[in-house]
Protein chains: 2
Amino acid sequence: MKRAINFNAGPAALPMEVLLKAQEEMLDWRGTGMSVMEVSHRSSEYEAMHNESQELFRKLAGMGPEWKILFMTGGASTQFFMVPMNYLFRERKATYIVTGHWGKAAVKEAKRFGSIDVISTENEDGSFTRIPKQEELRIDPTSTYVHMTSNNTIYGSQWQYWPEVGGAPLVCDMSSDIFSRPFPVDKLALIYAGAQKNLGPSGVTLVAIRDDFLYLAQEQSKLPTMLSYRTFSENNSLYNTPPCFSIYILNLTLKWLLYSIGGLENMQKINEEKARILYEAIDSSEGFYRGPVEKESRSQMNVVFRLKTPEMEDAFIKQAKSAGIIGIRGHRSTGGIRFSIYNANLVDNIRKAVEFMEEFRLINR
Amino acid sequence: MKRAINFNAGPAALPMEVLLKAQEEMLDWRGTGMSVMEVSHRSSEYEAMHNESQELFRKLAGMGPEWKILFMTGGASTQFFMVPMNYLFRERKATYIVTGHWGKAAVKEAKRFGSIDVISTENEDGSFTRIPKQEELRIDPTSTYVHMTSNNTIYGSQWQYWPEVGGAPLVCDMSSDIFSRPFPVDKLALIYAGAQKNLGPSGVTLVAIRDDFLYLAQEQSKLPTMLSYRTFSENNSLYNTPPCFSIYILNLTLKWLLYSIGGLENMQKINEEKARILYEAIDSSEGFYRGPVEKESRSQMNVVFRLKTPEMEDAFIKQAKSAGIIGIRGHRSTGGIRFSIYNANLVDNIRKAVEFMEEFRLINR
């Protein structure tokens, strides 16, 4: 059995120790004589794991008890409408800082509910290649919230500073870089992330809300029960059956991150080293590989670049596959190459990728 | 490693061959060198499994291509509001036949969207112990749809005939008895089911809609994108990342049902035999065990009964646990005992349960 060198953009590679543990416990989880999939979500065994996952999340993030950790479903795309549905009522307005495809998608959903100010770095051709500078952010101080996307999976850009937004609550879609580095919890009011990049498999969406921002949310009675953040908060995400197995893999992944890696500061160092190696291979390629993103906006999670022609990109992808390297075709809307180097992809895999890039370049330059 | 005799009400027991296959493929799914959790949902390997699962579903149900099979999330509780949100606009009305807790919960969500006629078998004390007779169903023929719950997990009742509803489209929550027996597809317009009882683990919700009913649904542009059935239908449930692992376990469970069991008619025979054995143990207990449900409304999935006192029920549950029998405490709203005997619980387990019941009775009568 040969494991792939997996650069998928999400669902993505998981830590080997997580998979081995899940395999080992498949028929008998924690001595229950059942798979975790067969255990009642009302059992003490399940609830202990559920609560432990929230504590692991809080501990890694440095969040106190004033943060509610919710396990939801439907991916970030569901949060795109849930945030405005829960917050934009009685003519409230919000500001969206748009730095890529998913931020744009979030605006589309938000406009159904209220008035939206948009600050966008979209280029004339519809592409995105940079994060705005602080001085570009003129934010209406009456905004109910300000929404940003911390990392742009498709375009390969990432915020390398945390913006000042003038006191408005900051809501952040962290789907593609959550827990890749520490982040300033005090600056945030709500974060959300589909799990399938850095936290586990698809099927569970993490939402963390600070108490004082939760307090501002729409009343539960005015929304469908399952669309109210209050329902999830008041029932500890157990109003109905949660996606138990996805939460279980999340639990194992958070333990790996906390105990095997040693937390977010260590993870950041590893991720910085990984990104450094890959970007250096691009920058030292004498123009053979070209990264479209402004240097100070480059993502440490999704490294995107182009070759001279789409044909050469196809050849690159095909030969990489023969070398066991998969998941590197750029998003269908952009083309090109993308290495998604989320947490579970350690330096070893990056070195293999760079070796392949260098070989390919020497033959094809 | 000793496996539990697992009568959980959901999440519930899975077939052993499903768990063994999932265990075997954990590090290398279908020769990809990845877990199915690590594979892109845009890959040909994933898409083949996704589509195959839909075909298996159609084949088992006897559904033609006019049925769209959707993979959603959020459980049946999410369908409670999605059905009316997608169908009750422009003052349309619907009829709900309420036979238990979950039907009542569905009405609560539906009333947010339109005018609802309710036909209920609720007793004066708030309990439910029967399914209505055909002649009780006076249905407004202008109903946009009629909603029913085929099996009542909490109260242990189940429809043993399919109602005539006067030409209105019939919508059925089949969460707790889907694929336990064949059902008349021609009488139905939309069915939904959380997977975690008969179909797999929690985390995926099955929705099947007939084309002509889908045609009546609200336009996509008028709803949040992720709340429109059309979004899921038009994108083959791949608008965003689906809950891949839950769908994978669904896939394996459907294969077990089709190839190892031999389809729904065989499954029905097995389920009838299981229920017969358990109800016989109740009925021949000289009143020691008492089933509250009307005989012709009894469920073949959730067998509920009472003992003389709550204390004796506690003793029953405790001693059962010592014998390796778990998950039999009745729902917190009803008390009593409940054996949930979904598809994966085969006759062997039922015989063990009945042996225990008989021993307990002889000692405690």
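Residues numbered from 1 in each chain as written. Chains lettered and ligands numbered in written order. Predicted model: local features only at pLDDT ≥ 70, side-chain atom pairs only at ≥ 80, totals over all residues. Heavy atoms only, no water.

### Quick word on the overall build of chain A
Across its full length, chain A holds 10 helices and 13 strands. Relative to the globule expectation of 21 Å for 365 residues, the C-alpha radius of gyration of chain A, 21 Å, shows essentially globular dimensions. Along the longest, intermediate and shortest principal axes, the C-alpha atoms of chain A span 65 × 55 × 30 Å. Counting every position in chain A, which comprises 365 residues, the buried fraction comes to 64%. Relative to all contacts within chain A whose residues are 6 or more apart in sequence, the contacts with residues 24 or more apart total 67%. For chain A, the distance from the average site of its 42 positive side-chain charges to the average site of its 42 negative ones is 3 Å. (Helix = DSSP H or I, 4+ residues; strand = E, 2+ residues; numbered from the N terminus. Rg over C-alpha atoms; globule rule 2.2 N^0.38 Å. Buried < 20%, exposed > 50% of the residue type's maximum accessible area, 1.4 Å probe, protein only. Contact = heavy atoms within 4.5 Å. Lys, Arg positive; Asp, Glu negative; His and termini not counted. Charge placed at Lys NZ, Arg CZ, Asp CG, Glu CD.)

### A few points about empty space enclosed by the protein
Counted according to the given criterion, the structure contains six cavities of 30 Å³ or more. Size it by volume and the largest cavity reaches roughly 530 Å³. What lines the largest cavity is a set of 47 residues, among which Thr 73 and Gly 74 of chain A together with Thr 73, Gly 74 and Thr 78 of chain B lie closest to the centre. Put simply, the parts of the chain that give the lining of the largest cavity at least two residues each are strand 2 (67–72), helix 3 (75–87) and helix 6 (229–234) of chain A together with strand 2 (67–72) and helix 3 (75–87) of chain B. Residue classes in the lining of the largest cavity are distributed as 23 nonpolar, 24 polar and no charged. (1 Å grid on protein atoms, 1.4 Å probe; cavity = no way out; pocket = protein on both sides within 12 Å on 5 of 7 lines; lining within 4 Å. Points joined across faces, edges and corners; volume = space filled by probe spheres on them. Nonpolar A, V, L, I, M, F, W, Y, C, P; charged D, E, K, R; others polar.)

### Some remarks on the packing of aromatic side chains
For any two aromatic rings, the description comes down to two numbers: the centre-to-centre distance and the angle of the planes. Residue and element names in this part refer to chain A. This structure, assessed with the given rule, holds 43 aromatic pairs over all chains. When the centroid spacing of 4.0 Å and the interplanar angle of 10 degrees are considered together, the rings of Tyr 87 and Phe 213 count as stacked. Taken together, the residues Tyr 87 in helix 3 and Phe 213 in helix 5 (residues 211–214) connect sequence positions 126 residues apart. Classification of Tyr 87 as buried rests on a relative accessible area of 0%. Here Phe 213 falls in the buried class, since its relative accessible area comes to 2%. Here a set of aromatic residues connected by ring pairs shows up, and it is made of Phe 7, Phe 288, Tyr 289, Phe 305, Phe 316, Phe 339, Phe 356 and Phe 360. Above the ring of Phe 89, the side-chain terminus of Arg 92 is found at 4.2 Å from the ring centroid. (Phe/Tyr/Trp six-rings, centres within 6.5 Å; stacked < 30°, edge-to-face > 60°. Lys NZ or Arg CZ within 6 Å of the ring centre and 35° of its normal.)

### Looking at the state of the cysteines
Simply put, the disulfide is a covalent bond whose two ends are the sulfur atoms of two cysteines. Evaluated as defined, the whole model comprises zero disulfides over all chains. Just so you know, Cys 244 of chain B is unpaired, no disulfide at all, and the nearest cysteine sulfur is the one on Cys 244 of chain A, 18 Å from it. (Disulfide = S-S within 2.5 Å.)

### Focus on the relation of the copies chain B and chain A
Its rotation angle being 180 degrees, the transformation that places chain B on chain A also includes 0.0 Å of axial translation and leaves an RMSD of 0.0 Å. One copy is carried onto the other by what is essentially a two-fold rotation axis. Using C-alpha coordinates, one finds that chain B approaches the rotation axis most closely at Gln 23 of chain B, a distance of 2.6 Å. Taken as a fraction of all interface residues of chain B, those also at the interface in chain A reach 100%, which identifies the copy contact as same-surface. (Least-squares fit on C-alpha atoms with pLDDT ≥ 70 in both.)

### Side note on helix 10 (residues 347–364) of chain A
Residue and element names in this part refer to chain A. An ideal rise of 1.5 Å per residue puts 26 Å on 18 residues; helix 10 measures up with 26 Å between its terminal C-alpha atoms. What helix 10 keeps buried is the set Asn 349, Ile 350, Ala 353, Val 354, Phe 356, Met 357, Phe 360 and Arg 361. In a view along the axis of helix 10, the buried residues occupy a sector of 160 degrees, so they form one face of it. Exposed and oriented more than 90 degrees from the buried face of helix 10 are Asp 348, Glu 355, Glu 359 and Ile 363. Looking at the buried positions of helix 10, the neighbouring elements they touch are strand 1 (5–6), helix 8 (264–283), strand 11 (302–305), helix 9 (310–322), strand 12 (325–326) and strand 13 (337–340). (Expected span 1.5 Å × (residues − 1). Arc of directions from axis to C-beta.)

### Thoughts on the interface of chain B and chain A
Taken together, the contact pairs 63 residues of chain B with 63 residues of chain A. When the two sides are added together, the surface that chain B and chain A hide from each other amounts to roughly 4700 Å², 58% of it contributed by carbon and sulfur. When the buried area of chain B at its contact with chain A is split by residue, Leu 27, Met 37 and Glu 38 of chain B rank highest and sum to 15% of it. The tally of links from chain B across to chain A stands at two salt bridges. Of the charged contacts, one joins Glu 38 of chain B and Arg 3 of chain A as a salt bridge, the two residues approaching to 2.9 Å between their closest N and O atoms. (Buried area = accessible area lost by both parts, 1.4 Å probe. Salt bridge = Lys/Arg side-chain N within 4 Å of Asp/Glu carboxyl O.)

### Section: the pairing of strand 11 of chain A
Residues and elements named next belong to chain A. Where burial is concerned, the two faces of strand 11 agree: the one with Asn 302 and Val 304 and the one with Val 303 and Phe 305 are both buried. In terms of strand pairing, strand 11 meets strand 13 through four bridges, oriented antiparallel. Within strand 13, the residue paired with Phe 305 across the bridge is Ile 337. (Pairing = 2+ DSSP bridges.)

### Topic: the sheet that holds strand 8 (residues 170–173) of chain B
Residue and element names in this part refer to chain B. On the basis of which strands lie adjacent, the open sheet formed by seven strands has the order 2-10-9-8-5-3-4 and mixed pairing. For this open sheet the edge positions go to strand 2 and strand 4 (115–120), each flanked by a neighbour on one side alone. In this sheet, neighbouring strand axes are inclined to one another by 15 degrees on average, regardless of whether the strands run parallel or antiparallel. Sheet topology note: the strand 3 (residues 93–98)/strand 5 (residues 146–149) ladder contains two bridges and is parallel. Its bridge partner being in strand 5, Thr 95 is matched across the sheet by Val 146. Across the sheet, helix 3 touches strand 2, strand 3, strand 8, strand 9 (190–194) and strand 10 (205–210), and the angle it forms with strand 9 is around 155 degrees. (Axes fitted to C-alpha atoms, helices over the stretch in contact; angles between N-to-C directions.)

### Describing the domain arrangement of chain A
Residues and elements named next belong to chain A. Annotation of chain A at the domain level lists domain 1 (16–261) and domain 2 (263–364). Here the C-alpha centroids of domain 1 and domain 2 sit 27 Å apart. Interface of domain 1 and domain 2: buried area, both sides summed, is about 2300 Å²; carbon and sulfur atoms make up 56% of it. In this structure, the connection of domain 1 to domain 2 is made through zero salt bridges. Inspection of the region where domain 1 meets domain 2 yields 14 residue pairs in polar contact (both at pLDDT 80 or more). The element best represented in the side of domain 1 that touches domain 2 is helix 7 (residues 244–261), accounting for four residues. In the side of domain 1 that touches domain 2, the residues fall into 12 nonpolar, 11 polar and five charged. (Domains from an automatic or database assignment. Polar contact = N/O pair within 3.5 Å; in protein donor to acceptor, adjacent residues only side chain to side chain.)

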